[in-house]
Amino acid sequence: MDIIATSAFEFETRRMRLRLLNSNDEALFCSLYTDPSVMRFIGPLLSARQAASRFQWIVAGMRQLPASWLYLVMSEKESGQSLGICGVPQFSASATRFEVGLVLTSGARSRGYAREGLAALMERLFSLSSVDEIQAKFFAENQAARQLVVALGFRDCTDASMEPEHLRERTWSIHRAS
């Protein structure tokens, strides 16, 4: 498969619509990546200027053929309210492994949206690509992310030789055959 059509990643789940991130989503993106409570276990907090710059860079990469990455806006079907963003930071048809991630608004947390969205994204990735493995990386202290990936069948594949006190980030994976 040479190119995966990113439009195939616009779909619905039971409670959500997932669609490609576009230039109209800058406010959502910036609000997530500049919010300390959202970014606490995700990564470095961005300034408004950094977030806007990163957003423009991501949108440009998604317009390339083939796309460099894949980001989807998750919104509630009933209200249309944006819930967050999920995606694949390095998107290539020749990849054997994809990393997935998601960032939710504070109001969307603890309501099952992360599980519903990530499960649907994984299903799409496995059905539309030849990828054998999907990984999730997150801070070791992010218990909600740990519970989510365990519930979806991921296994911890962090290098066991590292001392636990030196592990800031953990890597979990699930294989197509799982």
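Residues numbered from 1 in each chain as written. Predicted model: local features only at pLDDT ≥ 70, side-chain atom pairs only at ≥ 80, totals over all residues. Heavy atoms only, no water.

Asker: What should I look at first to understand the packing of helix α1 (residues 26–33) against helix α3 (residues 48–63) in this one?
Answerer: For any two helices packed against each other, one specifies the crossing angle of their axes together with the interaxial distance. Viewed as axis vectors pointing N to C, α1 and α3 meet at an angle of 130 degrees, and their least axial separation amounts to 9 Å. If you check the angle between α1 and α3, you find them oblique. Judged by the sense of rotation from one axis to the other, the crossing of α1 with α3 is right-handed. Residue-level contacts link Glu26, Phe29, Cys30 and Tyr33 of α1 to Ala51, Ala52, Arg54, Phe55, Gln56 and Ile58 of α3. (Axes fitted to C-alpha atoms, helices over the stretch in contact; angles between N-to-C directions. Helix = DSSP H or I, 4+ residues; strand = E, 2+ residues; numbered from the N terminus. Parallel < 35°, antiparallel > 145°, perpendicular 65-115°, else oblique. Left-handed = near helix turned anticlockwise from the far one by under 90°. Contact = heavy atoms within 4.5 Å.)

Asker: Can you walk me through the pairing of strand β5 (residues 97–104) in this structure?
Answerer: Each regular strand shows side chains that alternate between the opposite faces of the sheet. Of the strand pairs in this sheet, strand β4 (residues 82–88) and β5 are connected by four bridges, and their pairing is antiparallel. Pairing of glycine 84 across the sheet is with leucine 104, part of β5. Pairing of β5 with strand β6 (residues 133–139) involves four bridges; the strand directions are parallel. The residue bridging arginine 97 from the neighbouring strand is glutamate 133, located in β6. The parallel pair β5 and β6, bridged by helix α4 (residues 113–128), forms a crossover whose chirality is right-handed. (Pairing = 2+ DSSP bridges. Right-handed = clockwise from strand over helix to strand, strands pointing away.)

Asker: How do you make sense of unusual backbone geometry when you look at a structure like this?
Answerer: Glycine aside, a negative phi is what most residues show, and trans is what most peptide bonds show. In the segment running from leucine 65 into proline 66, the intervening peptide bond is cis, with an omega of -5 degrees. Along the chain, the position of proline 66 falls in the loop between α3 and β3 (70–76). A positive phi is found at serine 110, a non-glycine position, where the angle reads about 60 degrees. As for its placement among the helices and strands, serine 110 is situated in the loop between β5 and α4.

Asker: Help me understand the environment of tyrosine 71 in this model?
Answerer: Counting through the fold element by element, tyrosine 71 comes out in strand β3. Classification of tyrosine 71 by relative accessible area gives buried; the value is 14%. For tyrosine 71 and leucine 18, which are 53 residues apart along the polypeptide, the C-alpha to C-alpha distance reads 9.6 Å. Ignoring sequence-local partners within four residues, the contact set of tyrosine 71 consists of Arg19, Leu20, Leu21, Ile58, Met62, Ile85, Cys86, Gly87 and Pro89. (Buried < 20%, exposed > 50% of the residue type's maximum accessible area, 1.4 Å probe, protein only.)

Asker: Even after reading the chapter, I still don't get the side chain of threonine 171, so can you show me in this structure?
Answerer: Relative to the helices and strands, threonine 171 resides in strand β8 (residues 169–175). Not counting residues up to four positions away in its chain, the partners in contact with threonine 171 are Gln135, Ala136, Lys137, Arg155, Asp156, Cys157 and Thr158.

Asker: What is the right way to read the sheet that holds strand β1 (residues 11–12) from this model?
Answerer: Hydrogen bonds between backbone atoms are what pair the strands of a sheet, whose relative direction is either parallel or antiparallel. Taken together, eight strands build an open sheet; the order of strands is β1-β2-β3-β4-β5-β6-β8-β7 and the sheet is mixed. If you trace the sheet from one side to the other, it starts and ends with β1 and β7 (155–156), each paired once. Bridge analysis of β1 against strand β2 (residues 16–20) gives two bridges, and the strand direction is antiparallel. Note on β2: the bridge partner recorded for glutamate 12 is arginine 17.

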